[in-house]
Amino acid sequence: MAHKYYSNCLKFSLSLVFMLFFQSVFSQKEELDEVIKKARSEFGNNIVVMASRGDSVFYLNETSEFKSGSQEMIGEASAWFTAALAMKLVEEGKLNLDDPVAKYIPIFKTYAKSYLTVRHCLMHTTGILSDRNTAVGQGKKKESYAMLEEIVNDYAKKEIQYNPGEAFHFNKMGIAIAARVMEIVGKKAFERQVTEKIFRPLGMRKTTFNTEFGADPMTGARTTAADYILFLNMLQRGGKAANCTVILSEASVQELLKIRSSNARVLYTPDYAKNMEPAFGAWVAETKGDKPVVFTSPSTNGSWPLIDLCRGYTAIIFMPQHSKNSTQRFFDQVKGILDDYNPDKCR
């Protein structure tokens, strides 16, 4: 009889725990739904918020007109794809990040930039400061490969104001130069390589780089919330797709998700990243001790993808163009509520 009583008490306790858990989750969903509702009144209806744990989406808020499969340009969040391709080429033995750019593009040696490396380019420490917002795709329509070659040759002619590695200045030029090197070592157009090596194996069928005026490796990707989550989940898994296909090695992912701060003088950092540290193609938003655990790659259109290694989830706020500063508050609100969905292992 005593055993039966104990068993019934245990069942009751477990039932109570599950009831409290689901009540908490439901409350968090209501809170997040309300935050997104208010954001739509401020930014417009075209907002998708999607969050995933492993391969399971545990939160999705979309509208009938703007869904997780709706395509949009994603601004600077494109650079995470470009950095991933660089690490893939390193794995294949085609690229060394510490090689001088001039080894592949001789014009850089001509214009006194022989010490500039591919790593400097990915870290925004080229020492070339002018034209921070120069687009890689302006002017007449042209074959993408030729356009990237031409604009990078123009970058080579610009004045270098600091020795490579001495100054951090966030801009498009370094990423474009690195992508041009990737074209040369991979013997294919940049956008074709990133499609074949990253997008297609991950099943990112609605992701591409807009090449109407030449590929822009820094801000030119067009994708969907559902596709970007596949990329984020791959990084969180240590480089594997959902079907266990290896996209990147664990070592490559570790290189991508590493703080890249140095003794370089900081000359320009976007406002949204003032309290963050740079990584390849992204920013480190939170650390645990000295270990980076939360990563994001905010974009000019207001979209914010993120990976939280501590709490074990990925997420993206996906929306058309808005001010980065105005959407940072929205991102912080969403991130705070999503954290409550998941066990906080970061304390």
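Every chain's residues receive numbers from 1 upward, in the order its sequence appears when written. Totals for whole chains, interfaces and linings use all residues, but because this is a predicted model, local features are given only for residues with pLDDT of at least 70 and pairs of side-chain atoms are given and counted only at 80 or more. Neither water nor hydrogens contribute to the side-chain values; these are computed over all heavy atoms in the structure.

1. Some remarks on helix 6 (residues 173-186)
Link 1 in the chain: Only runs of H or I of at least four residues qualify as helices and only runs of E of at least two qualify as strands under DSSP, and these elements are numbered from the N terminus. Expected span of a helix: the number of residues minus one, times 1.5 Å. Its 14 residues place the ends of helix 6 20 Å apart at the C-alpha level, agreeing with the 20 Å of an ideal helix rising 1.5 Å per residue.
Link 2 in the chain: Note on classification: 1.4 Å probe, protein chains only; a residue is buried when its accessible area is under 20% of the maximum for its type, exposed when over 50%, partly exposed between these limits. Most of helix 6 is tucked away, with 13 of its 14 residues classed as buried.
Link 3 in the chain: The positive-phi residue at the C-terminal boundary of helix 6 is K187, with phi of around 60 degrees.

2. Structural notes on the pattern of salt bridges
Link 1 in the chain: Each salt bridge in this description consists of a side-chain nitrogen of Lys or Arg and a carboxyl oxygen of Asp or Glu lying within 4 Å of one another. Using the criterion set out here, one finds 21 salt bridges in the structure.
Link 2 in the chain: Put simply, D339 and R311 hold a salt bridge, and the shortest N to O gap is 3.7 Å. Pair noted here: D339 is in helix 10 (residues 324-341) and R311 is in the loop between strand 11 (304-308) and strand 12 (313-318), with a separation of 28 residues, a long-range link. Here D339 matches R311 in class, with each residue buried.
Link 3 in the chain: Via salt bridges that share partners, E286, D308, R311, K335 and D339 belong to a single interconnected network.

3. Here we look at the environment of Y115
Link 1 in the chain: Relative to the helices and strands, Y115 resides in the loop between helix 3 (107-110) and helix 4 (118-122).
Link 2 in the chain: C-alpha of Y115 to C-alpha of V101: the two residues are 14 residues apart in sequence and 7.9 Å apart in space.
Link 3 in the chain: Working rule for contacts: check all heavy atoms of both residues, and any pair within 4.5 Å makes them a contact. Other than its neighbours up to four places away in sequence, Y115 contacts H120 and P164.

4. Details of the sheet that holds strand 3 (residues 72-73)
Link 1 in the chain: Whether two strands pair comes down to DSSP finding at least two bridges between them. With antiparallel pairing, the 3 strands of this open sheet are ordered in space as 3-6-5. Each having just a single partner strand, strand 3 and strand 5 (208-209) make up the two edges of the open sheet.
Link 2 in the chain: Here strand 5 runs beside strand 6 (residues 221-223); their pairing, made up of 2 bridges, is antiparallel. Bridge assignment links T208 to a residue of strand 6, and that residue is R222.

5. Observations concerning the pairing of strand 9 (residues 282-288)
Link 1 in the chain: Inspection of the sheet shows strand 8 (residues 277-279) paired to strand 9 by 3 bridges, in the antiparallel sense. Residue pairing in the sheet places E277 in a bridge with V284 of strand 9.
Link 2 in the chain: Hairpin geometry of strand 8 and strand 9 is characterised by an intervening segment of 2 residues between the two adjacent antiparallel strands and by a positive phi of about 75 degrees at G281.
Link 3 in the chain: Inspection of the sheet shows strand 9 paired to strand 10 (residues 291-296) by 5 bridges, in the antiparallel sense. Pairing of E286 across the sheet is with V294, part of strand 10.
Link 4 in the chain: Between strand 9 and strand 10, which pair antiparallel in sequence order, lie 2 residues; one of them, G289, sits at a positive phi of approximately 70 degrees.

6. Observations concerning the side chain of S52
Link 1 in the chain: Tracing the chain through its elements places S52 in strand 1 (residues 48-53).
Link 2 in the chain: Owing to a relative accessible area of 1%, S52 belongs among the buried residues under this scheme.
Link 3 in the chain: Within the local environment of S52, its side chain forms a polar contact with the backbone oxygen of G54, the two atoms lying 3.1 Å apart.
Link 4 in the chain: By the criterion applied in these results, polar contacts are pairs of N or O atoms within 3.5 Å in which, for protein atoms, one can donate a hydrogen and the other can accept it, and in which residues neighboring in sequence qualify only through two side-chain atoms. At a separation of 3.3 Å, a polar atom in the side chain of S52 contacts the side chain of N233.
Link 5 in the chain: Sequence-distant contacts of S52, defined by excluding residues within four places in its chain, comprise V57, F58, I229, N233, Y313 and T314.

7. Considering unusual backbone geometry
Link 1 in the chain: We note that A112 has phi near 60 degrees; this positive angle belongs to a residue other than glycine.
Link 2 in the chain: Structurally, A112 can be placed in the loop between helix 3 and helix 4.
Link 3 in the chain: Phi angles above zero are rare outside glycine, and K187 is one such case at about 60 degrees.
Link 4 in the chain: Its location among the elements puts K187 in the loop between helix 6 and helix 7 (190-202).

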